[in-house]
Amino acid sequence: MKSKILYFVSFALLLGACELQPQSGELARDMVVQTQYDEPSLEHFSTYATFTIWEDTVGWVKRGVDPDDAYLTDSDFTGIPGGYVKPIISLVKENLSARGYNKAAEEEDPDFAVNIVVLEDFSFFQTVNYYPYYGSYYGYYNYYLPVVNTYYSQFASLVIEIVDIKHATGNNDYKLVWRAFIGDLYTTFDLRTKTLEAIDQAFDQSPYISKD
Amino acid sequence: MRALAITFLVLIVASAQAQIAESGFHINWTISKPSYTDFVSKTSTRGVRFGFTKFINEKFGAGIEGGFNVLDDYVPRQTYQLENGAITTDIFNYMYNYTLMANGQYYFKKSGLFVPYAALHAGIIFTEYTQFYNAYSSSNNKTGAVVRPELGVLYRIQTYGSFGLKAAIGYEYATNKMEEYDIKNFNALNVQVGIVLFNN
């Protein structure tokens, strides 16, 4: 009788060993790129001419991180040849330039600002109200967010945002008109290459971002 | 359902005669080829069924069976337009089916080691539709009814021996559509091979 049970158990184990989920290597082949726009603001993209962007830092939102330390530079990515932060910023600028926009200094009264943020292990990121966690880093454009969303908790995502300065209606009343979520940054096998590909994809699927 | 009840009634009142065995347990490896392509379309070899059969007489048997199988498909990377935006990703669709069915069986031969049979299974199915994309996933569940007519054969390796083999082909139809995702009812041709432990 024991041998019969052994047959059953062996057979069951064999079946139990079947692959029940995709392999992580297949899943991590490309990053997910999601973009959102503010519908009433679509017509504004053709009215913009200039933008501002931080040159060598991106925001960093992570549970437990002091808001004063809520930024990343290439010194935080020493293991990535060629860096990570500056290539990201450069590519975003390239894409915006290709759409007809020119970079301007903050004091030159740009039409929109570009924020780039890494959301890491941000399990409390359940609504749009994550911007207070930016603290002083993003205090200079204290915008409001028209798009309600629940997204990407417990993962690491790169978020690129376009904030309308030109059509601000009041004091510190800047509107988020576009944003892209790119992820997951944890699971990819080539963080830099896949992130850069994803940034291009974010703009490719947003043809309305154009001066023309 | 009424026909099934009548079938069982017939089985119960049928006179006891020489029969294959008193009862038997089986475990089958199941291959499923979906007949639809809404969510998954690839043939799956990842399925298993466990069951118990009571051989009522030489012609009829009845039993119960639990099953599990998983089917999947890959949707290459593409851009989907959403309300106020778009998303680009590749998607792995996975469909997990759990079934619990009662069955009635009719045996075409009264004796011998080789016993062909016909069976009708009916019960419930619990389906989990899951989409994996990169590190993320989303799932939806659906419970429905399922029926499976089946033709098969039992092979007892030795007369009065307790070990046997089983092979069957069936067609499964389930009412597990998800209208909100435009996924229709699942149906699939399935082939099963397995082992049987007879209890004399």
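Residues numbered from 1 in each chain as written. Chains lettered and ligands numbered in written order. Predicted model: local features only at pLDDT ≥ 70, side-chain atom pairs only at ≥ 80, totals over all residues.

Participant: How do you make sense of the overall build of chain B when you look at a structure like this?
Facilitator: Along its length, chain B carries one helix and eight strands. Ordered by position in the sequence, the α and β elements of chain B form the string α-β-β-β-β-β-β-β-β. Across the 200 residues of chain B, 37% fall into the buried class. Once local pairs closer than 6 in sequence are excluded, the contacts in chain B between residues at least 24 apart make up 60%. (Helix = DSSP H or I, 4+ residues; strand = E, 2+ residues; numbered from the N terminus. Buried ≥ 20, exposed ≤ 12 C-beta atoms within 10 Å, placed from the backbone. Contact = placed C-beta atoms within 7 Å.)

Participant: Help me understand the overall build of chain A in this model?
Facilitator: The secondary structure content of chain A amounts to four helices and nine strands. Each helix (α) and strand (β) of chain A, taken in turn from the N terminus, gives the series α-α-β-β-β-β-α-β-β-β-β-β-α. Among the 212 residues that make up chain A, the fraction classed as buried is 38%. Here the contacts in chain A between residues at least 6 apart in sequence split such that 79% fall between residues at least 24 apart.

Participant: Any chance you could explain the pairing of strand β6 (residues 112–120) of chain A here in plain terms?
Facilitator: It is a general feature of regular strands that their side chains alternate between the two faces of the sheet. All names here are of chain A. Counting buried positions along β6 gives eight out of nine residues, so the element sits mostly inside the fold. Bridge count between strand β2 (residues 50–53) and β6: three bridges; the pairing is parallel. Within β6, the position partnered with Ile53 by the bridge is Val114. The pairing of β6 with strand β8 (residues 156–164) spans nine bridges and is classified as antiparallel. Across the sheet, residue Ala113 finds its bridge partner in β8, namely Val163. (Pairing = 2+ DSSP bridges.)

Participant: Would you mind going over the interface of chain A and chain B with me for this structure?
Facilitator: Think of interface size as the accessible area that goes away when the parts come together; that is how it is often given. Chain A puts 30 residues into the contact, and the matching count from chain B is 24 residues. Of all elements in the fold, only α1 (2–16) and β1 (32–37) of chain A reach the threshold of two or more residues within the side of chain A that touches chain B. The residue makeup of the side of chain A that touches chain B, split by class, is 17 nonpolar, eight polar and five charged. (Nonpolar A, V, L, I, M, F, W, Y, C, P; charged D, E, K, R; others polar.)

Participant: Help me understand the environment of Lys33 of chain B, please; the structure alone is not making it clear to me.
Facilitator: All names here are of chain B. As for its placement among the helices and strands, Lys33 is situated in strand β1 (residues 23–34). Residues Lys33 and Ala188, 155 residues apart in the sequence, show an inter-C-alpha distance of 5.3 Å. The contacts of Lys33, once residues within four sequence positions are left out, are Thr43, Ala188 and Leu189.

Participant: How do you make sense of unusual backbone geometry when you look at a structure like this?
Facilitator: Working note: non-glycine residues mostly have negative phi, and peptide bonds are mostly trans. The omega torsion of the bond from Gly183 of chain A to Asp184 of chain A falls at 0°, within 30 degrees of zero and hence cis. Along the polypeptide, Asp184 of chain A turns up in the loop between β9 (174–183) and α4 (191–204). A positive phi is found at Asn134 of chain B, a non-glycine position, where the angle reads about 55°. Here Asn134 of chain B is to be found in the loop between β5 (114–133) and β6 (136–156). A positive phi angle, close to 65°, is found at Tyr160 of chain B, a residue other than glycine. Taking the number of C-beta atoms within 10 Å as the measure of exposure, Tyr160 of chain B has 8 and is therefore exposed.

Participant: What should I look at first to understand the pairing of strand β8 (residues 187–199) of chain B in this one?
Facilitator: All names here are of chain B. On β8, burial follows the alternation: Ala188, Asn190, Gln192, Gly194, Val196 and Phe198 on one face are buried, whereas Asn187, Leu189, Val191, Val193, Ile195, Leu197 and Asn199 on the facing-out side are not. With 11 bridges joining them, strand β7 (residues 163–174) and β8 adopt antiparallel strand pairing. What sits directly across from Gly170, in β8, is Asn190.

Participant: Any chance you could explain α4 of chain A here in plain terms?
Facilitator: An α-helix turns once per 3.6 residues; consequently, residues spaced three or four apart project the same way. Here α4 of chain A is 14 residues long and its end C-alpha atoms lie 20 Å apart, about the 20 Å a rise of 1.5 Å per residue gives. Of all the residues in α4 of chain A, the buried ones are Lys194, Thr195, Ala198, Ile199, Gln201, Ala202 and Phe203 of chain A. In this structure, the buried residues of α4 of chain A make contact with β1, α3 (85–98), β8 and β9 of chain A together with β4 (85–107) of chain B. (Expected span 1.5 Å × (residues − 1).)

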